[in-house]
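Observations on the model geometry
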Amino acid sequence: QVEMIESGGGLVQSGGSLRLSCTASRRTDNMFFMAWFRQATGSEREFVAGITWSGERRFYKEFFESRSTISKDNAKNTVYLQMNRLKPEDTGVYYCASARRFTYFKRPGEYDLWGQGTQVTVSS
């Protein structure tokens, strides 16, 4: 059983930064594409950022493209999401997920494995 565990969430003031981490217990062939999603209360889960395991391709949601960086450390099986200039509307539970492809990377249904999520709260 492969697990992915997120960490790094917390309470931060508007304009602050956080770095989320997602560590997989081991790498599998399904982990071609790694992504972060977020879900605010009462809203659907939405794509935030993603990266291929090779690191060659990266994708960002428009609202995050200038404020975040996704990266990974293959030796540690860990994906990071550095978030800067955070806003109250960034509040939500952030999940990492893995998929076998990135053709439809914005669709939650494309992902095989999910972490348990980490809460990010941005105060105004």
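See the structure printed just above.
Residues numbered from 1 in each chain as written. Predicted model: local features only at pLDDT ≥ 70, side-chain atom pairs only at ≥ 80, totals over all residues. Heavy atoms only, no water.

**Some points on the overall build of the protein chain**
Worth spelling out the cut-off: Here a strand is any run of E in DSSP of at least two residues, a helix any run of H or I of at least four, and the numbering for each starts at the N terminus. Every radius of gyration here is taken over C-alpha atoms, with the globule rule written as 2.2 Å times N^0.38, N being the number of residues.
Within the protein chain, the regular secondary structure consists of 0 helices and 11 strands. Counted from the first residue to the last, the protein chain has its helices and strands arranged as β-β-β-β-β-β-β-β-β-β-β. Relative to its length of 124 residues, the protein chain is compact, with a C-alpha radius of gyration of 13 Å against a globular reference of 14 Å. By its C-alpha atoms, the protein chain is 40 × 25 × 25 Å across when sized along the principal axes.

**Some words on the pairing of strand 8 (residues 78-83)**
The test is simple: Throughout this description, buried means an accessible area under 20% of the type-specific maximum (1.4 Å probe, protein chains only), exposed means over 50%, and partly exposed covers the range between. Any two strands are treated as partners once DSSP identifies two or more bridges connecting them.
The buried fraction of strand 8 is high, at 5 of 6 residues. In the sheet, strand 3 (residues 18-24) pairs with strand 8 via 6 bridges, with the strands oriented antiparallel. Paired with serine 21 across the bridge in strand 8 is tyrosine 80. Bridge analysis of strand 7 (residues 68-73) against strand 8 gives 6 bridges, and the strand direction is antiparallel. The partner of threonine 69 across the bridge, within strand 8, is glutamine 82. Adjacent in sequence and paired antiparallel, strand 7 and strand 8 are bridged by 4 residues, among which asparagine 77 carries a positive phi angle near 50°.

**Some thoughts on the side chain of threonine 78**
Stated formally: Two N or O atoms form a polar contact when they lie within 3.5 Å of each other; inside protein one atom must be a possible hydrogen donor and the other a possible acceptor, and for residues adjacent in sequence the pair counts only when both atoms belong to side chains. What makes two residues a contact is simply this: any of their non-hydrogen atoms within 4.5 Å.
Take threonine 78: it is sitting in strand 8. Engagement of the side chain of threonine 78 in a polar contact is seen with the side chain of threonine 23, the distance being 2.9 Å. Contact partners of threonine 78, with chain neighbours within four places excluded, come to Ser21, Cys22, Thr23, Ser71, Lys72 and Asp73.

**Regarding the environment of glycine 42**
Relative to the helices and strands, glycine 42 is located in the loop between strand 4 (33-39) and strand 5 (46-52). Measuring from C-alpha to C-alpha, the distance between glycine 42 and glutamate 62 comes to 21 Å, with 20 residues separating the pair along the chain.

Treat this as a map of the structure, not an account of what it does.
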